[in-house]
Amino acid sequence: MVIDKEVLDNLTAQAKAPPRLRMNLDLRNSSEDSSQRMLNAIEPGTVMPIHRHRASSETVVCIRGHFEEYFYDEAGNLTDTFDMLPGGLIVNVPLGQWHSLKSLESGTVLFECKDGAYEPLGPEDVLK
């Protein structure tokens, strides 16, 4: 697969349609692939709860647009903010790190990868 402007534009159009204002594109070779590699199109207004992944770190790269990645402590206090732009930072979210993000520009697409198969977040992994 080649990821070009058309692929990114189509993913962005799909992200704008549902109320949650985001859509991902699975980049794994098959459902048997033991990793998670995806593009996430996120629009301003999408709600990304503060959450953690206890089984994997997460690597995040801005492909297009602009977003901020946030780190929090156990009490939900903001500890770090990373300004994410194409050609800028690559953030590795450590295993168990509470984090969230905010889209600052329409058309934002990020690449993310994690270890292991997809596991939905449990209530203990979302900070209220």
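This section reports on the structure supplied with the text.

### Notes on the nonpolar core
If you look at the biggest cluster of nonpolar residues, it comprises ten residues: Ile 42, Val 60, Cys 62, Phe 67, Phe 71, Met 84, Val 91, Val 93, Leu 101 and Leu 110. At the level of elements, β3 (58–64), β4 (67–72) and β6 (90–93) are the ones that each hand at least two residues to this core. Setting aside residues no more than four positions away along its own chain, Phe 71 makes contact with Asn 77, Leu 78, Thr 79, Asp 80, Phe 82, Val 91, Asn 92, Val 93, Pro 94, Gln 97, Trp 98 and His 99. Membership of the second largest hydrophobic core comes to seven residues, among which are Leu 8, Leu 11, Ala 15 and Val 109.

### A few points about the sheet that holds β4
Sheet architecture is open: three strands sit in the order β5-β4-β7, paired in antiparallel fashion. Sheet topology places β5 (78–84) and β7 (98–103) at the edges, where each strand pairs with a single neighbour. Neighbour to neighbour, the strand axes of the sheet diverge by 20° on average, direction disregarded.

### Observations regarding the sheet that holds strand β1 (residues 22–26)
What holds strands together in a sheet is hydrogen bonding between their backbones, with the strands either parallel or antiparallel. One open sheet holds the five strands; their spatial order is β1-β2-β8-β3-β6, and the pairing between them is antiparallel. Lying at the two open borders of the sheet, with one neighbouring strand each, are β1 and β6. On average, each strand axis in the sheet is tilted by 25° relative to the strand beside it, whichever way the strands run. Strand direction decides the pairing type here: β3 and β6, joined by four bridges, are antiparallel. Along β6, the bridge assignment pairs Thr 59 with Asn 92. Packing against the sheet, helix α1 (residues 5–16) makes contact with β1, β2 (35–42), β3 and β8 (108–115), and its axis sits at approximately 140° to β1.

Definitions and limits used
Residues numbered from 1 in each chain as written. Predicted model: local features only at pLDDT ≥ 70, side-chain atom pairs only at ≥ 80, totals over all residues. Heavy atoms only, no water. Core = buried A, V, L, I, M, F, W, Y, C linked by side-chain atoms within 4.5 Å. Buried < 20%, exposed > 50% of the residue type's maximum accessible area, 1.4 Å probe, protein only. Helix = DSSP H or I, 4+ residues; strand = E, 2+ residues; numbered from the N terminus. Contact = heavy atoms within 4.5 Å. Pairing = 2+ DSSP bridges. Axes fitted to C-alpha atoms, helices over the stretch in contact; angles between N-to-C directions.

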